[in-house]
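Remarks on the overall topology
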Amino acid sequence: MGAERARLVVALQAALLRAAADFGEYEALAPHQTRLLATAAGLDYVLMLATGTAGVRIPERDAERAMREGITRGVDDLILAAGAIAQIATPPAVAFARESAKSLREILREEDLASDARSFSVIALANA
């Protein structure tokens, strides 16, 4: 699970950074840009926990909780960002929303984070 989880975290982090870099100047995303960057930065710690490179011994229960909370925040922030980006309705924005839907679908499944609200949001992104 460690290598797979690390891959998912990197994909999530990359999508958040891309959202902020490529679409941050749009009015729909500008208010969220700081949070996207903060979440992406927080995922560095999640990545260290997932790969066992945090540099300190952390009880497994605490590490698991921190990873789950960080990934959950990343998922929710990416859903928010991709939804705002989809509303921009340019070809690159629509492509980003659809790509995000693919990544989100996998993360929701692998991390068991699916809920009705998240699932419907991902479906909407896929159909942007």
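Use the structure listed above.
Throughout this document, residue positions are counted from 1 along each chain, in the order its sequence is written. Under the rules for a predicted model, residues below a pLDDT of 70 receive no local features and side-chain atom pairs below 80 are neither given nor counted, while totals for whole chains, interfaces and linings still include all residues. The basis for every side-chain value is the complete set of non-hydrogen atoms in the structure, without hydrogens or water.

1. Quick look at the overall build of the protein chain
Only DSSP runs of H or I reaching four residues or more are called helices, and only runs of E reaching two or more are called strands; each is numbered from the N terminus. Within the protein chain, the regular secondary structure consists of five helices and zero strands. N-terminal to C-terminal, the α/β element order of the protein chain is α-α-α-α-α. Against the 2.2 N^0.38 benchmark of 14 Å for 128 residues, the protein chain shows a C-alpha radius of gyration of 14 Å, consistent with a compact globule. Its C-alpha atoms put the protein chain at 45 × 25 × 20 Å along the principal axes. Within the protein chain, buried positions represent 40% of all 128 residues. Within these notes, the globule rule equals 2.2 Å times the number of residues to the 0.38 power, and the radius of gyration is based on C-alpha atoms. Only protein chains enter the accessibility calculation, which uses a 1.4 Å probe; a residue whose area is less than 20% of its type maximum is buried, one above 50% is exposed, and one in between is partly exposed.

2. A look at the environment of Arg61
Following the sequence through the fold, Arg61 ends up in helix α3 (residues 60-86). C-alpha of Arg61 to C-alpha of Ala97: the two residues are 36 residues apart in sequence and 34 Å apart in space.

None of the figures reported here should be taken as evidence of function without further support.
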